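# Remarks on the overall topology
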Amino acid sequence: MADRYQQLINTPLGKLVAGQVGLPAPVKLERYVPGMPVISGPVLLGAAAQTRLEGAIELALAEMGAEVVSGPAAGEQTFKALVFDASGIVSSEQLRELWAFFHPVIRRVRDSGRVVVLGTPPEACRDPRTATAQRALEGFIRSVGKELRRGATAQLVYVASGAEEAIASTLRFLLSPKSAYVSGQAVRVHKAVASFEGIDWSRPLVGKVALVTGAARGIGASIAEVLARDGAHVVGLDVPALSSELSGVTGRLGGSSLTLDITDPAAPERIASYLLGEHEGVDVFVHNAGVTRDKTLGRMTEDMWSTVLGINLTAEERINEALFERDVLRDNGRICCVSSISGVAGNVGQANYATSKAGVIGMVESLARVVAKRKATINAVAPGFIETKMTQAMPAARREVSRRMNSLSQGGLPVDVAETIAWYASPGSAGVNGNVVRVCGQSMIGA
């Protein structure tokens, strides 16, 4: 969808006016195109004293072909990424090491650059002062994300003890153009639930089967396209009324289609039987289908409430139960859910929708340990303002405000949600479990 303000502001006259009156100046974000390297440009690597992740970070950077510099070699050059291992910080006094590393170089981050800090999950720290210092990293990275300009982003990765070898997939995603609209997030990496050796990072889903609900259009179609790009055979699922559009998507991708209403009492059994009969199971299941029926609570009918909760939450729970009961999800399998920033912060006129999407977050958090025992993971994305037909239909003023109220001063694209799902879906993300990552450009709304 056209963002005419962004187009105008990036003309010579627009840049001049924006600079003089202090208008938001969103830049065109660098997004992934097949064949691109993970990261183009030097990566400055630093670490606090007595860290435990530096070796694993160096190995991951080397395997992705990154140009790594450190210490005096940094000189006065600019950087595509700044990466700092803060896992050794054990006190509030030692947090000064963040300032010491970033202060001289933070203004030398390139356009669409990256800042990544790695630490230890506070809940895993035995000493209260260490836990306090590690929790402080979240405030630091979110502030940095808001200070960066020109499409640059900042993230925090908490790495559990014993999960050091599981960080490669997450670093590849966060340092690459695939994470263009993700900023200010705290990702947790746990011990891998299954082995993931021998990955072809360019097409990690070769030989895998992925089912995407709501795949006929919008974000669902984009998810299907990106998973297919990464090598998966995609089964697109949508309602019978959209069968023609669905066939167009899956036909173009060399996938297959399944049409049904996921709220039908027989739907979970039909899905499970189809996946077992046609593909002997599934590797990636993406819960994307969702609807809105917006009204303030006092004007909302019972049907509007029940329809939204039934499609957006209850149907997903029932499908998951069928996948588990019949062992449809394979080892190192993935359940990926689409929540919403409304589920984090709420929204006027969306009590039903926000309830359903907060419920999706609760489902991810409560099932993470359950699916880990099955050698699988479950995670969610929480999109903010994404340029779709639905947001294009918003009143112009509200749409424009929604676009600018984030650190990148623009709306995201469906592919931004899809790339985040693809990161979750990768076999290499076997340590990424129970996360809810906001794809919102670090929205000012919510936490």
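Residues numbered from 1 in each chain as written. Predicted model: local features only at pLDDT ≥ 70, side-chain atom pairs only at ≥ 80, totals over all residues. Heavy atoms only, no water.

## Structural notes on the pairing of strand E5 (residues 153-159)
For the record, the criterion: Exposure categories follow from relative accessible area, calculated using a 1.4 Å probe and restricted to protein chains: below 20% of the type maximum is buried, above 50% is exposed, and the middle band is partly exposed. Secondary structure is summarised from DSSP: a helix means a run of H or I of at least four residues, a strand means a run of E of at least two, and numbering begins at the N terminus for each. When DSSP finds two or more bridges between a pair of strands, those strands are recorded as paired. When the strands point away from the viewer, a crossover counts as right-handed if the path from the first strand over the helix to the second runs clockwise.
The buried count for E5 comes to 7 of 7 residues, which makes it a mostly enclosed element. Alternating residues of E5 divide into Thr-153, Gln-155, Val-157 and Val-159 and Ala-154, Leu-156 and Tyr-158, and every residue in both groups is buried. In this sheet, E5 lies alongside strand E4 (residues 109-119) in parallel orientation, the contact comprising 6 bridges. Residue pairing across strands places Val-116 opposite Gln-155, the latter belonging to E5. Read as a crossover between parallel neighbours, the route from E4 over helix H5 (residues 128-147) to E5 is right-handed.

## Remarks on the nonpolar core
Stated precisely, the cut-off is as follows: Side-chain atoms within 4.5 Å link the members of a nonpolar core, which is a set of buried Ala, Val, Leu, Ile, Met, Phe, Trp, Tyr and Cys residues. A contact between two residues is defined here by any heavy atoms of the two lying within 4.5 Å.
In this structure, Ile-57, Leu-118, Ile-223 and Leu-227 are the most contacted members of the largest nonpolar core, which totals 65 residues. Contact partners of Leu-118, with chain neighbours within four places excluded, come to Leu-53, Ile-57, Val-83, Phe-84, Asp-85, Ala-86, Ser-87, Val-157, Val-159, Ile-167 and Leu-171. Core analysis: the next-biggest nonpolar cluster, separate from the first, contains 39 residues, Ala-289, Val-291, Ile-311 and Tyr-353 among them.

## Looking at unusual backbone geometry
Positive phi, close to 60 degrees, is recorded for Glu-280, a residue that is not glycine. Phi is positive for Asn-332, close to 60 degrees, though the residue is something other than glycine. Inspection of the secondary structure assignment puts Asn-332 in strand E11 (residues 329-338).

## Regarding the packing of helix H7 (residues 218-229) against helix H8 (residues 243-253)
Where we set the bar: Working convention: axes come from line fits to C-alpha atoms, limited for helices to the stretch in contact. Angles between N-to-C directions cover 0 to 180 degrees. Angular relationships are summarised with four words: roughly parallel below 35 degrees, roughly antiparallel beyond 145, roughly perpendicular across 65 to 115, and oblique for the angles in between. Should the near helix be turned anticlockwise from the far one by less than a right angle, the crossing is termed left-handed; should it be turned clockwise, right-handed. Lys, Arg, Asp and Glu make up the charged group, whereas Ala, Val, Leu, Ile, Met, Phe, Trp, Tyr, Cys and Pro make up the nonpolar group; the residues left over, Gly among them, are polar.
Running from amino to carboxyl end, H7 crosses H8 at an angle of 10 degrees, the nearest separation of the two axes being 10 Å. Judged on the interaxial angle alone, H8 and H7 are roughly parallel. Helix-helix and strand crossings are classified by hand; for H7 and H8 the assignment is right-handed. Contact with H7, carried on its side by Ala-221, Ala-224, Glu-225 and Ala-228, involves Val-249, Arg-252 and Leu-253 of H8 and no other residues of that element. Split by residue class, the contact of H7 with H8 holds 5 nonpolar, no polar and 2 charged.

## As for the sheet that holds strand E10 (residues 282-287)
Taken together, the 7 strands give an open sheet; going across it, the order is E9-E8-E7-E10-E11-E12-E13, and neighbouring strands pair in parallel fashion. With one partner strand each, in any of the chains shown, strand E9 (256-259) and strand E13 (436-439) form the two edges of the open sheet. Averaged over neighbouring strand pairs, the angle between their axes works out to 20 degrees when direction is ignored. Alignment of E10 against E11, held across 5 bridges, turns out to be parallel. Residue Val-284 lies in a different strand from E11, and its bridge partner there is Arg-334. With respect to the sheet, helix H9 (residues 267-279) is in contact with strand E7 (209-213), strand E8 (233-238), E9, E10 and E11, its orientation differing from that of E9 by roughly 155 degrees. Its contacts with the sheet put helix H10 (residues 302-325) on E10 and E11, and the angle it makes with E10 is roughly 170 degrees.

## Focus: the pattern of salt bridges
What counts, and what does not: Salt bridge, as applied in this entry: a Lys or Arg side-chain nitrogen positioned within 4 Å of an Asp or Glu carboxyl oxygen.
A full pass over the atoms with the stated rule returns 16 salt bridges. Overlapping salt bridges bring together Arg-135, Glu-138 and Arg-142 as one network.

## Overview of the packing of helix H6 (residues 168-175) against helix H15 (residues 414-425)
Where H6 meets H15, the closest approach of the two axes is 10 Å, and the angle between their N-to-C directions is 165 degrees. Judged by the inter-axis angle, H6 sits roughly antiparallel to H15. The crossing of H6 and H15 is right-handed. Note on element contacts: H15 touches H6 through Glu-419, Thr-420 and Trp-423, opposite Ser-169, Thr-170 and Phe-173.

## Details of the packing of aromatic side chains
Heads up, the rule is: Pairing of aromatic rings covers Phe, Tyr and Trp, the last through its six-membered ring, and needs centres within 6.5 Å; plane angles under 30 degrees mean stacked, over 60 mean edge-to-face, and all others mean tilted. Cation placement over rings: the criterion is NZ of Lys or CZ of Arg within 6 Å of the ring centroid and within 35° of the ring normal.
Throughout the structure, instances matching the rule amount to 6 aromatic pairs. Taking the centre distance of 4.8 Å and the plane angle of 85 degrees together, the rings of Phe-101 and Phe-102 count as edge-to-face. There is no split in this pair, since Phe-101 and Phe-102 are both buried. Relative to Trp-423, the ring of Phe-173 lies with its centre 4.7 Å away and its plane at 5 degrees, an arrangement referred to as stacked. In this pair, Phe-173 is assigned in helix H6 and Trp-423 in helix H15, connecting sequence segments 250 residues apart. We note that Phe-173, like Trp-423, is buried. Cluster of aromatic residues (ring-pair linked, three or more members): Phe-84, Phe-101, Phe-102 and Phe-140. It is Lys-178 that lies over the ring of Tyr-32; its NZ or CZ is 4.6 Å from the centre.

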